[in-house]
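# Structural characterization, general
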Amino acid sequence: MSDCLIECRGLYKSYGLRPALRGVDLEVGPGRIVGLLGPNGSGKTTLIKLLCGLLQPTTGWLAVDGRAVGPYTKSVVSYLPDRMYFADWMKATDLFDLFRDFYQDFEYEKAMSMCRSLGVEPGDRLKAMSKGTKEKVQLVLVMARSAKLYLLDEPIAGVDPAARDFILRTILTNYNEEGTVLISTHLISDVEKVLDEAVFLKEGKIMLHATVDDIREKEGKSVDALFREIFRAEPMWEGGEL
Amino acid sequence: MDWNLDNGRPIWPQLAQQLARRIIAGVYPPGSRLPSVRELAAEAGVNPNTMQRALAQLEQEGLARADRTAGRLVTRDVQILDAARLREAQAVIQGYFEAMSALGYSREQAAELIKEEFL
Amino acid sequence: MLLKLLKYDFRAMWKQFSLIWGAALALALVNRFTVFRDAGNNVHSNSDLLLFAFMCVIVAMFVIAIIFVVNRFSKGLLGNEGYLMHTLPVRSWQLVLSKLICGVVNWVVCGVVALVSPFIMAPLNWAELFQFPVWSDILQGIMKHPGTLVLMAEFCLATFSFLTLFIASMYLAMAVGHLFSRHRRLVSVAAFIGLYILIANLYERVFSYSGVQSLMDMATANAYGSMLTASATTLIPAAVFLAAVCWILENKLNLE
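Residues numbered from 1 in each chain as written. Chains lettered and ligands numbered in written order. Predicted model: local features only at pLDDT ≥ 70, side-chain atom pairs only at ≥ 80, totals over all residues. Heavy atoms only, no water.

### Notes on the pairing of strand β6 (residues 149-153) of chain A
Residues and elements named next belong to chain A. Within β6, five of the five residues are buried, which leaves the element mostly enclosed by the surrounding structure. Residues of β6 alternate between two faces, with Leu149, Leu151 and Asp153 on one and Tyr150 and Leu152 on the opposite face, all of them buried. In this sheet, β6 lies alongside strand β5 (residues 77-80) in parallel orientation, the contact comprising four bridges. Counterpart to tyrosine 79 in the pairing with β6 is leucine 151. Relative to strand β7 (residues 180-185), β6 runs parallel, the two sharing five bridges. In the strand pairing of β7, leucine 151 is matched with leucine 182. Taking the sense of rotation as the criterion, the β-α-β connection linking β6, helix α6 (residues 161-174) and β7 turns out right-handed. (Buried < 20%, exposed > 50% of the residue type's maximum accessible area, 1.4 Å probe, protein only. Helix = DSSP H or I, 4+ residues; strand = E, 2+ residues; numbered from the N terminus. Pairing = 2+ DSSP bridges. Right-handed = clockwise from strand over helix to strand, strands pointing away.)

Okay, structure coming up:
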């Protein structure tokens, strides 16, 4: 078994004729917080869905914790999708029951205490909750697991800056430290401080994969500034070498 | 005390510097236990690995030392604390000279102005 | 894991159907007091409205049952809930099988409710019915012809097989619709009709071969054989359909 938690080789995925990922090679080790950064449509969600088994690659190969994606990898991956996924008639506690049944690493008590600190009443029906509260419930479900790999797809996209800090802090204080967190986002300045590594994704390819400190040291600027530079300069790069 | 992180530099040296200032200022008194990596990271809103690196830097400077039972303890060594205080003071003075030079004062003029402040 | 999935599927079913089943049976019971026999032994009701309400509930129950099976699959596995279900550490076939079992059971229970409720409201002499001689007669009859029990079991199997095939073709139609990026519902409906035509043609074609025909003649020589043959001939395409559904979910899933 390799010591890589995520390993992708020549990963290619197209929807019909439209390519979403065009040959991604990626290795991520354990115990890292990694930002998957790119503008909309750069393939962030596709990569995450491949890792959690919601999509199959067109060609190429990927492994999570040294295993092909399947029931085992799903049992060690905690995935926060970019949308609500639960039936309205349920209560938060129903979902906790479900997670406890299916995931051995789900900690019921932790979920309940997270609810208390986030101000969520777990006995309420999801139907009666506001969108923000539902998002919190989903975050609780994901972070109350001590998973090996957390895949968080745009966890801070739909909320105001104050809530962003709050969510990031929740993630930081609750993730399993031996585990790796992969956060996809286009709001880089908000997450930059919490990242170990940054992966820049552009038009389905990885442009850059480096530690945040390295980027700051070498470029003398923040990841956010570098990102803006790279993606604003897009027309100039066209046809040239990358 | 808030954490101020600027954009152009790596994060961990900034964290190390601000932790050092807290120790010098007595926010974490000599001999006391530093908060855990996780607590500090959450407080600053940064990655625990980054905070870890900053704390390792403090240990290297001798401002803190790892303790097997109590986590990390702030040093009681007055010499080390004084040296660190002096380093920070020199950095502040250096900053003063740089700011004054941007206003068109030479180092001597800047020093004169400081003296006049106390007359 | 399958048992855990079933637990949640049945819980969802109970949430939705406990009320409907209860209403159907309760209305049947209420009608019990309005329904009577006239001198010519014809059955009448004092309240046509109540009787009509009962009919409506029964019809609604079956409509909701069909919608239920469709929704549990399309929303539960191909809609937003799919994000949850497909990231659970289970195999696709377990997800499908759980929904299928739940769907078949749902329809069977609906059928039972529809069959039992007329008995509840019919003006029968219950006291007479519960008397021992009636039951001992039935028991003795069965003892004399134990084959009846086998036949009944085979009939149940044939019913299950047919329901399985029906639900499997609905699942496959929806899964095929899911392969398209647009007009998924329309494609699903078309696929369902297509599957129906396909099956009808397939049966016709296969059964026209003389070898198959003589085999069928042998198999259906008696009632026991016919029932089993019917079950087998419906279960085989059902299994193929379900395998196709699992394959699509495993390899071609694309939740929007």
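### Some details on the nonpolar core
One finds Phe96 of chain A, Met51 of chain B together with Tyr171 of chain C to be the most contacted residues of the largest nonpolar core, which totals 165 residues. For this core, the element with the most residues is helix α4 (residues 92-121) of chain C, which contributes eleven residues. (Core = buried A, V, L, I, M, F, W, Y, C linked by side-chain atoms within 4.5 Å.)

### Remarks on the state of the cysteines
Considering all chains together, one arrives at zero disulfides over all chains under this definition. You can see cysteine 8 of chain A has no disulfide; the closest cysteine sulfur is in cysteine 4 of chain A, sitting 9.9 Å from it. Distance from the sulfur of cysteine 56 of chain C, which forms no disulfide, to the nearest cysteine sulfur (cysteine 110 of chain C) is 16 Å. (Disulfide = S-S within 2.5 Å.)

### With respect to the interface of chain A and chain B
You'll often see interface size given as the accessible area lost when the parts meet. Across the boundary between the two partners, chain A contributes 21 residues, which contact 21 residues of chain B. Both faces combined, the contact of chain A with chain B buries some 1,600 Å², and carbon together with sulfur accounts for 43% of it. Area buried by chain A at its contact with chain B is led by Lys193, Asp213 and Arg216 of chain A, which between them contribute 39% of it. Summed over the shared surface of chain A and chain B, the number is two salt bridges. Between glutamate 177 of chain A and arginine 38 of chain B there is a salt bridge, with the nearest N and O atoms lying 2.5 Å from each other. Looking at the side of chain A that touches chain B, the elements with two or more residues in it are α6 and α8 (212-219) of chain A. Each residue belonging to the side of chain A that touches chain B can be placed in one class, and the counts come to six nonpolar, five polar and ten charged. (Contact = heavy atoms within 4.5 Å. Buried area = accessible area lost by both parts, 1.4 Å probe. Salt bridge = Lys/Arg side-chain N within 4 Å of Asp/Glu carboxyl O. Nonpolar A, V, L, I, M, F, W, Y, C, P; charged D, E, K, R; others polar.)

### With respect to the domain arrangement of chain C
Residue and element names in this part refer to chain C. Considered domain by domain, chain C is made up of domain 1 (18-124) and domain 2 (132-256). Residue-level contacts link 21 residues of domain 1 with 18 residues of domain 2. Each partner contributes to the roughly 1,900 Å² buried at the junction of domain 1 and domain 2, and carbon and sulfur atoms together form 83% of this total. Our enumeration of links across domain 1 and domain 2 arrives at zero salt bridges. Scanning the region where domain 1 abuts domain 2 turns up two residue pairs in polar contact (both at pLDDT 80 or more). Considering every element that reaches the side of domain 1 that touches domain 2, the biggest residue donor is α4, with nine residues. A per-class count over the side of domain 1 that touches domain 2 returns twelve nonpolar, seven polar and two charged. (Domains from an automatic or database assignment. Polar contact = N/O pair within 3.5 Å; in protein donor to acceptor, adjacent residues only side chain to side chain.)

### Description of the interface of chain C and chain A
Of the residues lining the interface, 25 residues belong to chain C; the matching set on chain A comes to 26 residues. Taken together, both faces of the contact between chain C and chain A bury some 2,400 Å²; the carbon and sulfur share is 62%. Taken together, the elements giving at least two residues each to the side of chain C that touches chain A come down to α1 (2-32), α3 (82-85) and α10 (223-251) of chain C. Looking at the side of chain C that touches chain A element by element, the count peaks at seven residues for α1 of chain C. Classifying every residue of the side of chain C that touches chain A by side-chain character gives eleven nonpolar, six polar and eight charged.

### Considerations on a positive patch on the surface
Taken together, Arg125 and Lys127 of chain A together with Arg11 and Lys15 of chain C make up a surface patch of like positive charges. Residue position: lysine 127 of chain A is located in the loop between α4 (108-118) and α5 (131-143). Overall, the relative accessible area of 59% leaves lysine 127 of chain A in the exposed class. (Patch = residues over 30% accessible without salt bridge, like charges linked within 9 Å, V, L, I, M, F, W, Y side chains within 5 Å. Areas by Shrake-Rupley, 256 points an atom, 1.4 Å probe, with all protein chains shown as cover. Lys, Arg positive; Asp, Glu negative; His and termini not counted. Charge placed at Lys NZ, Arg CZ, Asp CG, Glu CD.)

### Brief notes about empty space enclosed by the protein
For the structure on display, the rule yields three cavities of 30 Å³ or more. Forming the walls of the largest cavity are 15 residues, and the residues nearest its centre are Met90 and Leu98 of chain A together with Arg72, Glu81 and Met85 of chain C. Residue assignment for the lining of the largest cavity shows that the elements contributing at least two residues are α1 and α3 of chain C. Sort the elements by how many residues they give to the lining of the largest cavity and α1 of chain C lands first, with four residues. Of the residues assigned to the lining of the largest cavity, the class counts are eleven nonpolar, no polar and four charged. There is about 70 Å³ of room inside the second largest cavity. Contributing elements (two or more residues each) for the lining of the second largest cavity: β5 of chain A together with α3 of chain C. The element that contributes the greatest number of residues to the lining of the second largest cavity is β5 of chain A, accounting for three residues. (1 Å grid on protein atoms, 1.4 Å probe; cavity = no way out; pocket = protein on both sides within 12 Å on 5 of 7 lines; lining within 4 Å. Points joined across faces, edges and corners; volume = space filled by probe spheres on them.)

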